[in-house]
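A closer look at the structure
Each chain is listed here by its residues.
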Amino acid sequence: MLRRYPNVGEPLACEPITKGLLNHGYRVSTTSGSYFLKHHLDKRHLDDASGERAAIVRQHRATQRLQSLGVPVVPPLTDARGDTVTVIGERCYALHPWVDGLHRVGSQLTLSQSRRLGALLGAVHTGLEQVMAPRDGPHPGSPPARPGHRSPDAADTFALIDDLLEAARGRGGRDAPRDAFDELAVHRLVERRALLEQHTHRRPPTPDGPATGWVHGDFHPLNLLYRGADPVAIVDWDRLDVQPRAEEAVRAAAIFFVRPAGELDLAKVRAYARAYRRAAGAGAAELAAAVHRVWWERLNDFWILRWRYRLDDRRADPQFPAVSALAVWWTREYEAVCAAFTE
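Turning our attention to the overall build of the chain. Summing up its helical and strand segments, the chain has 10 helices and 9 strands in all. Looking at the chain residue by residue over its 343 residues, the buried ones come to 47%. Considering only contacts within the chain whose residues lie at least 6 apart along the sequence, 72% involve residues at least 24 apart. Counting every atom, the chain has about 16,800 Å² of accessible surface; 51% of that belongs to carbon and sulfur.

Written out as structure tokens, the structure reads:
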């Protein structure tokens, strides 16, 4: 593969990178330096087209254009034919410059750095608005109109809870003995069902208009590299899409600033959200609506348990204690969370 790229040197080593849930990555060392080789996995079995070549090319073009605006991204290298995607045996690969850096969670960020994080995401959203070519509509950069996204239906969630409870209790044909994770899963599933029964009437209505705004789609600590106090690279643009931008801002905060016990660091959330609103030009009402929709989304979401019990994939298990506790805490502290994002 390296022969397709001029001036990258001869290969010396190729080391797999363990972090990441949806793609495979490798650090490739050559006689001229280090590179990141990304294998974009086919995710059509997850009803996800982000691994298809056309989608990958769109992601690459977006990062190239964002880089010209000063957004810290790492576009792929271009091969001798001018392509950024290499297809070998129906598998898609891309070669990027290697960026030294560390991932930092919200507990490692100061208030000032939390503000900078919010401003960075705001710059991403406004930058995408400028650089994305239209796929519909007369205005340059305008994303296509899509129907308003329906929020989860509690009736569907109740059925899912029943299925997951059966699996967690060992009645779903699993051979493995129950462990502490299964016990916690049962506790959280029963607890969540009671919460949903209490709050079913608060399901957000379907938005009147279509989703607008291009977003990164997966903005969280493992997709942001820091060097010292400075963010130097936003990576993994597989989820680039048209979605409500403020919802991405809320989801990101819920990942960055969640504490191990499932609480949000509201002081840092407030600093982050103020900077995001200023950078993105987003109003308090937009953020309040996003907080409500993401709260409801979290209340109905069991992706980690679905991975474990339906796909026999336990890579996300360590996230479950904090993620599952957050939904409960957020419900109890709903007004305080909303205030942190809007005041």
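Two strands pair when backbone bridges link them, and strand β1 (residues 11-17) and strand β2 (residues 24-30) are joined in this way by 6 bridges, in the antiparallel orientation. Residue pairing in the sheet places Ala-13 in a bridge with Ser-29 of β2. Where β2 hands over to strand β3 (residues 33-40), the hairpin turn is made up of 2 residues, counted between the paired strands.

With that settled, the discussion passes to the sheet that holds strand β4 (residues 86-88). Spatial ordering of the open sheet is given by β1-β2-β3-β5-β4, a layout of 5 strands whose pairing is antiparallel. Only two strands of the sheet have a single partner each, and these edge strands are β1 and β4. On average, each strand axis in the sheet is inclined to that of its neighbour by 30°, with strand direction left out of account. Summarising the sheet, β3 and strand β5 (residues 91-97) pair through 6 bridges and their orientation is antiparallel.

The full count for this structure, using the stated rule, is 8 aromatic pairs. With a centroid separation of 6.3 Å and an interplanar angle of 45°, the aromatic rings of Phe-256 and Phe-257 are classed as tilted. Note on Phe-257: relative accessible area 2%, which makes it buried. One aromatic cluster in this structure is built from Phe-219, Phe-256, Phe-257 and Tyr-272. Taking the ring centre of Tyr-226 as reference, the NZ or CZ of Arg-104 above it sits at 5.5 Å. The positively charged end of Arg-202 is found above the aromatic ring belonging to Tyr-334, 4.6 Å away from the centroid.

Our focus in this paragraph is the pattern of salt bridges. Across all of its chains, the model carries 20 salt bridges by this definition. Residues Asp-265 and Arg-259 are paired through a salt bridge, measuring 3.4 Å at the closest nitrogen-oxygen approach. Here Asp-265 falls in the buried class, since its relative accessible area comes to 14%. Members of the salt-bridge network, linked through shared partners, are Asp-179, Asp-182, Arg-308 and Asp-317.

Summarising the model, the chain shows a mean pLDDT of 91, and 90% of its residues fall at 70 or more. Confidence drops under a pLDDT of 50 for residues 135-142, and excluding neighbours within four residues, the segment shows 16 contacts in the predicted structure.

This part covers the packing of helix α7 (residues 284-299) against helix α9 (residues 320-332). Here α7 crosses α9 at 130°, and the two axes come no closer than 9 Å. The angle between α7 and α9 places the two elements in the oblique class. Crossing of α7 against α9: the hand is left-handed. For the pair α7 and α9, the contacting residues are Val-291, Val-294, Trp-295, Arg-298 and Leu-299 in the first and Val-323, Leu-326, Ala-327, Trp-330 and Thr-331 in the second.

Here we take up helix α1 (residues 53-68). Between its first and last C-alpha, α1 extends 23 Å over 16 residues, near the 22 Å set by a 1.5 Å rise per residue. Of all the positions in α1, only Ala-55, Ile-56, Val-57, Gln-59, His-60, Ala-62, Thr-63 and Leu-66 are classed as buried. Looking at the packing, one finds that the buried side of α1 touches β3, β5 and α2 (111-131). Where α1 ends, the next residue or the one after it, Gly-70, has phi of about 90°, a positive value.

In this section: the nonpolar core. If you look at the biggest cluster of nonpolar residues, it comprises 72 residues, and the most contacted ones within it are Leu-128, Tyr-272, Trp-330 and Phe-341. Those residues in contact with Tyr-272 that sit more than four places away from it in its chain are Ser-114, Arg-115, Leu-117, Gly-118, Leu-121, Ala-249, Ala-252, Ala-253, Phe-257 and Phe-341.

What follows concerns the side chain of Asp-317. Of note, Asp-317 is situated in the loop between α8 (303-310) and α9. For Asp-317, a relative accessible area of 10% corresponds to the buried category. If we ignore the near neighbours within four places in the chain, the residues touching Asp-317 are Phe-181, Ile-304 and Arg-308.

Its volume calculated, the second largest pocket comes out at about 330 Å³. Pro-207, Pro-244, Glu-247, Ala-289 and Arg-293 are, among the 18 residues lining the second largest pocket, the residues nearest its centre. When residues of the lining of the second largest pocket are traced back to their parent elements, those giving at least two are α5 (245-256) and α7. Taken together, the residues that form the lining of the second largest pocket break down as 9 nonpolar, 5 polar and 4 charged.

Here Asn-7, not a glycine, exhibits a phi torsion of approximately 70°, which is positive. Mapped onto the secondary structure, Asn-7 falls in the segment before β1.

What counts, and at which threshold
Residues numbered from 1 in each chain as written. Predicted model: local features only at pLDDT ≥ 70, side-chain atom pairs only at ≥ 80, totals over all residues. Heavy atoms only, no water. Helix = DSSP H or I, 4+ residues; strand = E, 2+ residues; numbered from the N terminus. Buried < 20%, exposed > 50% of the residue type's maximum accessible area, 1.4 Å probe, protein only. Contact = heavy atoms within 4.5 Å. Areas by Shrake-Rupley, 256 points an atom, 1.4 Å probe, with all protein chains shown as cover. Pairing = 2+ DSSP bridges. Axes fitted to C-alpha atoms, helices over the stretch in contact; angles between N-to-C directions. Phe/Tyr/Trp six-rings, centres within 6.5 Å; stacked < 30°, edge-to-face > 60°. Lys NZ or Arg CZ within 6 Å of the ring centre and 35° of its normal. Salt bridge = Lys/Arg side-chain N within 4 Å of Asp/Glu carboxyl O. pLDDT = per-residue confidence, 0-100. Parallel < 35°, antiparallel > 145°, perpendicular 65-115°, else oblique. Left-handed = near helix turned anticlockwise from the far one by under 90°. Expected span 1.5 Å × (residues − 1). Core = buried A, V, L, I, M, F, W, Y, C linked by side-chain atoms within 4.5 Å. 1 Å grid on protein atoms, 1.4 Å probe; cavity = no way out; pocket = protein on both sides within 12 Å on 5 of 7 lines; lining within 4 Å. Points joined across faces, edges and corners; volume = space filled by probe spheres on them. Nonpolar A, V, L, I, M, F, W, Y, C, P; charged D, E, K, R; others polar.

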